[in-house]
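The chain contents come next:
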Amino acid sequence: MNEMARLQKRRLALYGWMLAAPALALMSLFAFYPAIATFWHSLFSRGTSRRPSVFTGFENYGDLFADPTFWTVATNNLIYAGVTIPVSIIFALVMALWANAHIPARSFVRSAYFTPTILPMIAAANLWLFFYTPDLGVIDQITGFFGASPTNWLGQPETALASVIIVTIWKEAGFFMIFYLAALQTIPPDLREAARIEGAGRWTYTRRVLLPLLMPTTIFVFVNAMINSVKLIDHLFILTKGGPNNASKLILYWIWEMAFAYFDSPHAAAMTILVLLALGLVAVAQFRLVEKRTHYR
Amino acid sequence: MTSQPPFIRISSVSRVFNGGNGVHDLSLDIPRGSFVVLLGPSGCGKSTTLRLIAGLEIADHGTIEIDGKDVTSAPPSKRSLSMVFQSYALFPHLSVAENIVFGLKVRKTKKDEIKTRLADALRVTGLEGYEDRKPAQLSGGQRQRVALARAIVAGHPLCLMDEPLSNLDAKLRHAVRKDIRDLQQRLGITVVYVTHDQTEAMSMADIVILMKDGRIEQIGNPADLYLKPATAFAAGFVGSPPMTLIPANALPTSVIPDGFDANNLTFGIRPEDLILSTGQNDHPWGIPATVTGSEFLGAETFLFVAIPGTDGATARLPGRVEISPGTEVSLSWVGAAAHWFDGEHGHRLTPTVPGTSAQDTKITSQPDTATSTL
Ligand SMILES: Nc1ncnc2c1ncn2[C@@H]1O[C@H](COP(=O)(O)OP(=O)(O)OP(=O)(O)O)[C@@H](O)[C@H]1O
Ligand SMILES: [Mg+2]
């Protein structure tokens, strides 16, 4: 009997591994191996036809930290993340609350919010390129109507990053809204009524009931927004190409530049490893901190 | 009770949804401290009525007064009432204690008062020791009690309950029914209770309000409803098994009270009032019928009989009775036990000279012999 139970257990464990194996194999092939290969690659110097690449240890990393562009790009990305993440989450939440309320033309409002999401980022960027065009663009037309002089939104260091940030928020908020909308629809309406009977107003209900119940969604959206703040750079190619003077350059764009414009793959690899490290740390911290305080149904 | 002003007064209130459903021209008074049950089939407007009282729906017409104040358009929080929802509507992310004191906290009650009230509510509902659990970690009955505790913790004089027991199993339902009734009497609160279960209504209510299609069919105490149903619908809805209702023209003309038109008349008889006799018993009259089946329930037996030209009838006989299906029987009743309703509109008709129908005197002397001979 005991023997049987142990056998059974072992068989279950075997099944588990068998089920996990395909995914594990693919993950190893396409995620773990490249990560390790990249790390390995980042420890070598850049090879040319005359000088073959040699092992240099962490020299590439040292180079990066010594490069002022690194600090500009890192700061840019911090600002980019620090603004796009909270703002797009708040917009998404507010839009979802509104689109979930009993308003006329509700489905129109929903699809209007969702439209930016289905546009490819490149198309969206082209659209905004038109909005931002000095003098002729929609924005300048409007500001011009009130007597402001034309502004080169994308072309001057002071506004370039902000302009890029706005496009990202515009693109992301509608996407995140869908998640909030889905979560809102799983919240039974009688909770709202129970809260009303207990004397809770709209704000109290939102704060004490709605937001805690939306917390799992918020975490999910937050993680997505964070990944996007590193990953989503398509629009830079159309809008600013990281310029002017690196004012709107983000880490991933810089990596791309190093690897494919300057063909300096060891430094690009080193930078990639740094990004992976940072993201990994944030992810761990997040799970530690937030998971505990969240109610999952 | 009649001299006291009513605690809740609803005057010609209508709330009509798109599609014409809802409640129509509702008027009723609810005395202070009473246990009032809104009873009716699904979709008859019970919940809507309750939500109108709660302020979760706003009346299209008419006025609602609670405790002498016109609250027709007041928000729920201004009506000093509490509510138990069918789904309990507990906040899933809050513990039992937090759920119960949610309203007190919202109303900014003092800390120590919250504490004593919480302790009281927990004790009264027998939830001590469960304070820190989440609703998902409770059984259905415990959740129900948390909802109840949340309703009584604020000490509101009025508590509304919308089918609070429908998610419980039969046995638990019976126990909780009694608990709720006891609690109501101990706290002296007014309870308006919605149910579609007539047993629940009959066993709990001081006053039953029977509704149908958004209108009130009958208001009265349980005995009134059972003994003097105001309409054929009320007769058929209250009582288990329900009253047998058959068109009067399927009956011999001799049993129709004088002055009634048999072609526009419904006859009703409670199962326990129906007297069965087998062929040998020579009653001066009797309606021929055939037994189609029986249900033995321990203390009593239900017999189903087919009467030509009708949907059949049910008889309730004490103890165990064995009659095989197909047996020919003859049905009779004590004259006063018969209910007569207008065939078209369903309202109750009273024979002009009560108790003088032809059969009355002849049968009364031997109601029991029929059953015992079987
Ligand atoms: N928000 C609404 N919109 C449209 N129609 C509604 C709405 N709420 C209720 N109704 C309709 O009003 C009628 C009464 O509904 P109500 O919920 O009061 O029924 P009920 O007596 O509580 O039934 P049940 O026993 O099934 O709960 C129903 O026909 C229902 O379809
Ligand atoms: Mg209902």
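Bear in mind that the values here come from a model prediction, so they are computed numbers and not experimental data.

Student: Even after reading the chapter, I still don't get the overall build of chain B, so can you show me in this structure?
Tutor: The number of helices and strands found in chain B is ten helices and 19 strands. When the backbone C-alpha atoms are referred to their principal axes, chain B occupies close to 80 × 45 × 40 Å. Taken across its 374 residues, chain B has 51% of its residues classed as buried. Restricting to contacts in chain B with at least 6 residues of sequence separation, those with at least 24 account for 66%. Counting only carbon and sulfur atoms, one obtains 50% of the accessible surface of chain B, whose full area is about 16800 Å². If you average the places of the 35 positive and of the 39 negative side-chain charges in chain B, the two averages end up 12 Å apart.

Student: Mind showing me how you'd approach the overall build of chain A here?
Tutor: Looking only at helices and strands, chain A features twelve helices and zero strands. Walking chain A from its N terminus toward its C terminus, one meets helices and strands in the order α-α-α-α-α-α-α-α-α-α-α-α. The globule rule puts the C-alpha radius of gyration for 297 residues at 19 Å, and the 25 Å found for chain A is more than 25% above it. Looking at chain A as a whole, 39% of its 297 residues qualify as buried. Accessible surface, chain A: about 17300 Å² in total, of which carbon and sulfur atoms supply 71%. Where the 22 positive side-chain charges of chain A centre and where its 15 negative ones centre are 12 Å apart.

Student: Hey, could you run me through helix H2 (residues 96-106) of chain B in this one?
Tutor: The α-helix advances 3.6 residues per turn, and as a result positions three or four apart in sequence lie on the same side. With nine of eleven residues buried, H2 of chain B is to be regarded as a mostly interior element. Buried-residue contacts for H2 of chain B involve helix H8 (189-197) and helix H9 (202-231) of chain A together with helix H3 (111-124) and helix H4 (140-152) of chain B. Just past H2 of chain B, the residue Lys108 of chain B takes up positive phi, approximately 60 degrees.

Student: How should I be thinking about the sheet that holds strand E7 (residues 158-162) of chain B in this particular structure?
Tutor: Note: strands within a sheet are paired through backbone hydrogen bonds, in either parallel or antiparallel orientation. All names here are of chain B. Strand order in the open sheet formed by six strands is E6-E7-E8-E3-E9-E10, and the pairing between neighbours is mixed. The two strands at the open ends of the sheet, each matched to only one other strand, are strand E6 (81-84) and strand E10 (215-220). Adjacent strand axes in the sheet meet at a mean angle of 15 degrees, parallel and antiparallel pairs treated alike. Relative to E7, E6 runs parallel, the two being bridged by four bridges. Residue pairing across strands places Leu81 opposite Leu158, the latter belonging to E7. Sheet strands touched by H4: E6 and E7. Its angle to E6, the strand with the most contacts, is close to 175 degrees.

Student: Hey, could you run me through the side chain of Thr217 of chain A in this one?
Tutor: Residues and elements named next belong to chain A. Mapping Thr217 onto the fold places it in helix H9. Of the residues examined, Thr217 reaches a relative accessible area of 13% and is grouped as buried. Dropping the residues within four chain positions of it, Thr217 is found in contact with Phe179, Tyr180 and Ala183.

Student: How should the site of ligand 1 be read in this particular structure?
Tutor: All names here are of chain B. The full set of residues close to ligand 1 is Phe17, Asn21, Gly22, Pro41, Ser42, Gly43, Cys44, Gly45, Lys46, Ser47, Thr48 and Glu163. Here an oxygen atom of ligand 1 sits 2.5 Å away from a polar atom, N or O, in the side chain of Thr48. Here an oxygen atom of ligand 1 and a side-chain polar atom of Glu163 are 3.2 Å apart. Look at ligand 1: alone it shows 640 Å² of surface, and the protein chains cover 62% of it. The dominant element in the shell around ligand 1, judged by the number of residues it contributes, is helix H1 (residues 46-54), at three residues.

Student: Whenever I open this one, the packing of aromatic side chains confuses me. Can you help?
Tutor: To describe a pair of aromatic rings, one takes the distance between the centres and the angle between the planes. Summed over all chains, the structure comprises 26 aromatic pairs over all chains. On the numbers, 5.2 Å between centres and 85 degrees between planes, the contact of Phe175 of chain A with Phe179 of chain A is edge-to-face. Placement of the pair is Phe175 of chain A and Phe179 of chain A together in helix H7 (residues 157-185), with a separation of four residues, close to one helical turn. According to the relative accessible area criterion, Phe175 of chain A is partly exposed, its value standing at 31%. The structure contains a cluster of three or more aromatic residues connected by ring pairs, namely Trp128, Phe130, Phe131, Tyr132 and Trp170 of chain A. Geometry around Tyr205 of chain A places Arg192 of chain A over its ring, the cationic atom sitting 5.1 Å from the centre. Its guanidinium or amino end placed over the ring of Tyr226 of chain B, Arg270 of chain B lies 3.9 Å from that ring's centre, counting from NZ or CZ.

Student: Sorry, what's going on with the packing of helix H3 (residues 68-100) of chain A against H7 of chain A here?
Tutor: The relative placement of two packed helices comes down to the angle between their axes together with the axis-to-axis distance. Residue and element names in this part refer to chain A. Two elements in contact, H3 and H7, have axes whose closest approach is 6 Å; the angle formed by their N-to-C orientations is 40 degrees. Judged by the inter-axis angle, H3 sits oblique to H7. With respect to the hand of their crossing, H3 and H7 are arranged in right-handed fashion. Among the residues making up the contact of H3 with H7, the classes are represented as 22 nonpolar, seven polar and one charged.

Student: Can you help me understand the pattern of salt bridges in this one?
Tutor: Side chains that carry opposite charge are capable of pairing whenever their charged atoms lie near each other. Here the structure, examined in full by the defined rule, presents 15 salt bridges over all chains. Two residues, Glu257 of chain A and Lys249 of chain A, come together in a salt bridge whose shortest N-O distance is 2.8 Å. Lys249 of chain A carries the same exposure label as Glu257 of chain A, and that label is buried. Each of Glu193 of chain A together with Arg15, Arg51, Glu57 and Asp60 of chain B takes part in salt bridges that share partners, so that together they form one network.

Student: Teacher, can you tell me more about the interface of chain B and chain A here?
Tutor: Often the size quoted for an interface is simply the accessible area lost on bringing the parts together. Contacts between the two partners involve 24 residues from chain B, matched on the other side by 17 residues from chain A. Surface buried jointly by chain B and chain A totals about 1900 Å² across both partners, of which 65% is contributed by carbon and sulfur atoms. Contact with chain A buries area across many residues of chain B, yet Pro92, His93 and Phe102 of chain B alone supply 29% of it, more than any other trio. Counting the contacts that link chain B with chain A gives one salt bridge.

Student: Please explain the nonpolar core as it appears in this structure.
Tutor: Soluble globular proteins: nonpolar side chains tend toward being buried together. Ile8, Leu158, Leu160 and Val192 of chain B are the most contacted members of the largest nonpolar core, which totals 67 residues. Counting 44 residues, the second-largest nonpolar core is a separate cluster that includes Val37, Val153, Val176 and Leu225 of chain B.

Student: Honestly, empty space enclosed by the protein in this entry has me stumped. Any pointers?
Tutor: To locate leftover empty space, one rolls a probe as large as a water molecule over the atoms. Residues and elements named next belong to chain B. Per the stated rule, a full pass over the model turns up two cavities of 30 Å³ or more. Computed from the structure, the largest cavity encloses a volume of approximately 50 Å³. What lines the largest cavity is simply Leu148, Ile152, Cys159, Met161, Ile180, Leu183, Gln184, Ile189 and Val191. When residues of the lining of the largest cavity are traced back to their parent elements, those giving at least two are H4, E7 and helix H5 (170-187). By residue number, the principal contributor to the lining of the largest cavity is H5, which donates three residues. Residues that form the lining of the largest cavity fall into these classes: eight nonpolar, one polar and no charged. For the second largest cavity, the calculated volume is near 40 Å³. Contributing to the lining of the second largest cavity are Thr244, Ile246, Phe267, Ile269, Leu274, Ile287, Ile307, Ala313, Leu331 and Trp333.

Student: Help me understand the sheet that holds strand E14 (residues 287-296) of chain B in this model?
Tutor: Residues and elements named next belong to chain B. With antiparallel pairing, five strands are arranged side by side in an open sheet as E13-E17-E14-E15-E16. With partners counted over all chains shown, the strands left at the sheet margins are strand E13 (275-278) and strand E16 (313-318), one partner each. In this sheet, neighbouring strand axes are inclined to one another by 45 degrees on average, regardless of whether the strands run parallel or antiparallel.

What counts as what
- Residues numbered from 1 in each chain as written.
- Chains lettered and ligands numbered in written order.
- Predicted model: local features only at pLDDT ≥ 70, side-chain atom pairs only at ≥ 80, totals over all residues.
- Heavy atoms only, no water.
- Helix = DSSP H or I, 4+ residues; strand = E, 2+ residues; numbered from the N terminus.
- Buried < 20%, exposed > 50% of the residue type's maximum accessible area, 1.4 Å probe, protein only.
- Contact = heavy atoms within 4.5 Å.
- Areas by Shrake-Rupley, 256 points an atom, 1.4 Å probe, with all protein chains shown as cover.
- Lys, Arg positive; Asp, Glu negative; His and termini not counted.
- Charge placed at Lys NZ, Arg CZ, Asp CG, Glu CD.
- Rg over C-alpha atoms; globule rule 2.2 N^0.38 Å.
- Pairing = 2+ DSSP bridges.
- Axes fitted to C-alpha atoms, helices over the stretch in contact; angles between N-to-C directions.
- Near = heavy atom within 4 Å.
- Polar contact = N/O pair within 3.5 Å; in protein donor to acceptor, adjacent residues only side chain to side chain.
- Phe/Tyr/Trp six-rings, centres within 6.5 Å; stacked < 30°, edge-to-face > 60°.
- Lys NZ or Arg CZ within 6 Å of the ring centre and 35° of its normal.
- Parallel < 35°, antiparallel > 145°, perpendicular 65-115°, else oblique.
- Left-handed = near helix turned anticlockwise from the far one by under 90°.
- Nonpolar A, V, L, I, M, F, W, Y, C, P; charged D, E, K, R; others polar.
- Salt bridge = Lys/Arg side-chain N within 4 Å of Asp/Glu carboxyl O.
- Buried area = accessible area lost by both parts, 1.4 Å probe.
- Core = buried A, V, L, I, M, F, W, Y, C linked by side-chain atoms within 4.5 Å.
- 1 Å grid on protein atoms, 1.4 Å probe; cavity = no way out; pocket = protein on both sides within 12 Å on 5 of 7 lines; lining within 4 Å.
- Points joined across faces, edges and corners; volume = space filled by probe spheres on them.

These figures come from the coordinates and say nothing about function on their own.
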